[in-house]
Amino acid sequence: LRLAWKLIAAITAGTILILAAYGFLSIRRETEIIEANTRDNLSAMGRALRPAMVKVWTTEGQERALEVVRFADEKLRRVRVRWVQLDAPAGSPHAPLVPVSRLQALARGDEVALAAPLGRDRYFTYVPVSATGLPPGALELTQSMERERRFVQASVWSIALTTAGVAAGSGLLILVLGTWLIGRPMHQLLIQARRIGVGDFSVRLQPRQRDEIGEVGREMDYMCERLSAAKEAITAETAARLEALEQVRHAERLATIGKLAAGVAHEINTPLTVISGRAGMIADGKLDAGQVPDSARIIATQAKRIAAIVRQMLDFARVRGNSKAVVDPAATVRAVLRLTAVEAQKRGVSVACEDDSERARVWADASQLQQVVANIVVNGLQAMPGDGSIEVSLRRARRRPPGAGPSAEGEYLGIAVVDHGLGIPQELLQHVFEPFFTTKEVGEGTGLGLSVAHGIVQEHGGWIEVVSEVGKGSCFTVWLPVHDPTADAATEIDAARAETGGTPGASPEG
Ligand SMILES: Nc1ncnc2c1ncn2[C@@H]1O[C@H](COP(=O)(O)OP(=O)(O)O)[C@@H](O)[C@H]1O
Ligand SMILES: [Mg+2]
């Protein structure tokens, strides 16, 4: 509670300063009053004694007069009285205790009062005596100031103790009040601010204080309420947006399947013909006993082939959440090429695949990645009016995402699909990733393929590059960050879990 300590330091220092100044002034005044009283007393005594002494001196002589002075000296308890002569040599019984140089005023008939002129604890008053027949002299009245000094000392102590007591008391009071009124609520505000900082809006302070701190607390509560409402709205909105996005992607997948359906049907047709032929032969009893098991085995093999094709299609079409895992991109490409093989064959296009990926892996959702590659390959096929070839290649390279600084350079895996088709005019190139941009007939294209692909690739930390020339063909390259298994052990564990759960399309056998 640094604030309380600062307050304590400031207020204690202030208190001490004020009380010390007050103490100093009142002690000075006390001393002055004491001195004035002493001076008046001594002077009054001297003046009272003077006429009696003068009278005795002139009528009965010096000896009697000095006796009167001695008598007064004996009777006055705290005051010493002496007769002094200004011209007495030093050491004589009538020499003044104060140096004669300081008693010049006496010669002019003035009284002289001195406080402890010899560094001793005494107060001197000289009352001048001048009369005919008397040598120039004075009555020296001395009073010990010991009692007064002790009195002033006691005052100093009591002021010092009062000051210390007030400082300690006010310090303690500030500490308690500061902790209670400022420290504790401030600490709560601090904890609340930290909570809000990490996005936890669940706790309300509900301060009972009616001061500024309480107000801040209530404001914070209100802020929490608004923030949590905003967070909920954002969460709901994000969920809705993600759902819409997934619907678009699904629709796009179904559209791709539609484009491939004829090929798939064709691929299923061949084994079906074999199956029905063999089954017919068995049913008609055309085969002898030894040939039946062979035919049954052929039927089983062909049925398995059909099942595999159907499974591939279903895997591709299935509605899926986003489940990333370590994916072998080469396997994904092979799965896509199997799906599109018949369509390519039908169009008389040969598809070649070259893998220079050096077994690089990516952290991806396998079916989403498959969707991206399938889209680009199907676009390539659609761009080839006659026969030709499509080359798919994988390679690993150090790249920098477009628009990023040099520090963003890293290991990327590129999946390039090169076709020798129509190409894309320069002015359309910037539009191909826009949703619903298509140059194809209704039924042929939705315009969603590249837009969906762009979204997916971006979600994976990658990007798509396009190079195209009208009449020569196009090259679409998907760049994805290479997965570094040493970078994150937890990722590996996730990956292992995901792989045992099965990642369709990620392995060549599907
Ligand atoms: N390989 C390609 N060759 C020529 N044009 C292409 C190629 N890939 C994409 N395009 C152009 O980009 C447009 C958008 O592609 P896409 O988003 O996949 O939608 P769709 O294929 O349904 O039209 C296509 O209509 C086409 O004009
Ligand atoms: Mg397309």
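The sections below set out a description of the structure shown in this document. (Residues numbered from 1 in each chain as written. Chains lettered and ligands numbered in written order. Predicted model: local features only at pLDDT ≥ 70, side-chain atom pairs only at ≥ 80, totals over all residues. Heavy atoms only, no water.)

### Considerations on the site of ligand 1
Next, step 1: In the vicinity of ligand 1 lie 20 residues, with Thr-438, Thr-439, Lys-440, Thr-446 and Leu-450 positioned nearest.
Next, step 2: With respect to ligand 1, the backbone of Thr-446 contributes an N or O atom lying 2.7 Å from an oxygen atom.
Next, step 3: Contacts to ligand 1 include Gly-447, whose backbone N or O atom sits 2.8 Å from an oxygen atom.
Next, step 4: Here ligand 1, which alone exposes 530 Å², has 96% of that area covered by the protein.
Next, step 5: For the shell around ligand 1, the secondary-structure elements that each account for two or more residues are α8 (366-382), α10 (449-459) and β11 (473-481).
Next, step 6: Among the residues making up the shell around ligand 1, the classes are represented as seven nonpolar, 11 polar and two charged. (Near = heavy atom within 4 Å. Polar contact = N/O pair within 3.5 Å; in protein donor to acceptor, adjacent residues only side chain to side chain. Areas by Shrake-Rupley, 256 points an atom, 1.4 Å probe, with all protein chains shown as cover. Helix = DSSP H or I, 4+ residues; strand = E, 2+ residues; numbered from the N terminus. Nonpolar A, V, L, I, M, F, W, Y, C, P; charged D, E, K, R; others polar.)

### Brief notes about the nonpolar core
Next, step 1: If you look at the biggest cluster of nonpolar residues, it comprises 52 residues, and the most contacted ones within it are Ile-415 and Val-478.
Next, step 2: At nine residues, α8 tops the list of elements feeding residues into this core.
Next, step 3: Other than its neighbours up to four places away in sequence, Ile-415 contacts Pro-329, Val-333, Val-373, Val-392, Ser-393, Leu-394, Phe-476, Thr-477 and Val-478.
Next, step 4: Core analysis: the second largest hydrophobic core is formed by 24 residues, Ile-27, Val-54, Val-69 and Val-152 among them. (Core = buried A, V, L, I, M, F, W, Y, C linked by side-chain atoms within 4.5 Å. Buried < 20%, exposed > 50% of the residue type's maximum accessible area, 1.4 Å probe, protein only. Contact = heavy atoms within 4.5 Å.)

### So, the pattern of salt bridges
Next, step 1: All chains considered together, the criterion is met by 21 salt bridges.
Next, step 2: For the salt bridge of Glu-343 with Lys-346, the shortest nitrogen-to-oxygen distance reads 3.7 Å. Note that Glu-343 and Lys-346 are positioned in helix α7 (residues 329-347) at a spacing of three residues, about one turn of the helix.
Next, step 3: By relative accessible area, Glu-343 is classed as buried at 9%.
Next, step 4: Through salt bridges with shared partners, a single network forms among Arg-396, Arg-398, Glu-409 and Glu-411. (Salt bridge = Lys/Arg side-chain N within 4 Å of Asp/Glu carboxyl O.)

### Some points on the packing of aromatic side chains
Next, step 1: Across all of its chains, the model carries three aromatic pairs by this definition.
Next, step 2: Aromatic pair Tyr-412 and Trp-463: ring centres 4.8 Å apart, planes at 65 degrees, arrangement edge-to-face. With Tyr-412 in strand β9 (residues 410-419) and Trp-463 in strand β10 (residues 463-469), this pair connects stretches of sequence that are 51 residues apart. We note that Tyr-412, like Trp-463, is buried.
Next, step 3: Linked through ring pairs, Tyr-412, Trp-463 and Trp-479 together constitute an aromatic cluster.
Next, step 4: For Arg-184, the ring lying beneath its charged end belongs to Trp-180, and the centroid distance is 4.2 Å. (Phe/Tyr/Trp six-rings, centres within 6.5 Å; stacked < 30°, edge-to-face > 60°. Lys NZ or Arg CZ within 6 Å of the ring centre and 35° of its normal.)

### Concerning the environment of Met-223
Next, step 1: Tracing the chain through its elements places Met-223 in helix α5 (residues 212-283).
Next, step 2: A relative accessible area of 33% means that Met-223 is categorised as partly exposed.
Next, step 3: Sequence separation between Met-223 and Ile-196 is 27 residues, and the spatial gap between their C-alpha atoms is 9.4 Å.

### With respect to the environment of Ser-474
Next, step 1: Here Ser-474 lies in strand β11.
Next, step 2: Note: C-alpha distance between Ser-474 and Ile-390 (84 residues apart in sequence) is 9.9 Å.
Next, step 3: Excluding residues within four positions of it along the chain, Ser-474 makes contact with Val-417, Val-418, Asp-419, Gly-423, Ile-424, Val-467 and Ser-468.
Next, step 4: For Ser-474, the side chain forms a polar contact with the side chain of Ser-468, separated by 2.9 Å.

### Let's talk about the sheet that holds strand β1 (residues 79-85)
Next, step 1: Ordered by their spatial adjacency, four strands build an open sheet running β1-β4-β3-β2, and the pairing between neighbours is antiparallel. Sheet topology places β1 and β2 (112-115) at the edges, where each strand pairs with a single neighbour. When strand polarity is set aside, the average angle formed by the axes of neighbouring strands in this sheet is 20 degrees.
Next, step 2: Strand direction decides the pairing type here: β2 and strand β3 (residues 122-129), joined by four bridges, are antiparallel. In the strand pairing of β3, Ala-113 is matched with Thr-125.
Next, step 3: Against the sheet, helix α2 (residues 62-75) makes contact with β1 and β4 (137-144), and its axis sits at roughly 155 degrees relative to β1, the strand it touches most. (Pairing = 2+ DSSP bridges. Axes fitted to C-alpha atoms, helices over the stretch in contact; angles between N-to-C directions.)

### Things to note about α8
Along an α-helix, residues three or four apart share an orientation, since each turn contains 3.6 residues.
Next, step 1: With 17 residues, α8 should cover 24 Å at 1.5 Å per step; its first-to-last C-alpha distance of 24 Å lies within 8% of that length.
Next, step 2: Burial analysis of α8 places 17 of its 17 residues in the buried class, the great majority of the element.
Next, step 3: For α8, the N-terminal capping position is held by Asp-365, with its side-chain oxygen 3.1 Å away from the main-chain nitrogen of Ser-367. (Expected span 1.5 Å × (residues − 1).)

### Structural notes on α7
Next, step 1: With 19 residues, α7 should reach 27 Å at 1.5 Å per residue; the first-to-last C-alpha distance of 26 Å fits that figure.
Next, step 2: Along α7, the sharpest kink reaches roughly 50 degrees, centred on Thr-340.
Next, step 3: The distance from a side-chain oxygen at the start of α7 to the backbone nitrogen of Ala-330 is 3.1 Å, and the residue carrying that oxygen is Asp-328.
Next, step 4: Positioned one or two residues after α7, Gly-348 has a phi angle of 70 degrees, which is positive. (Bend = angle between axes of the 7 residues up to and from the residue.)

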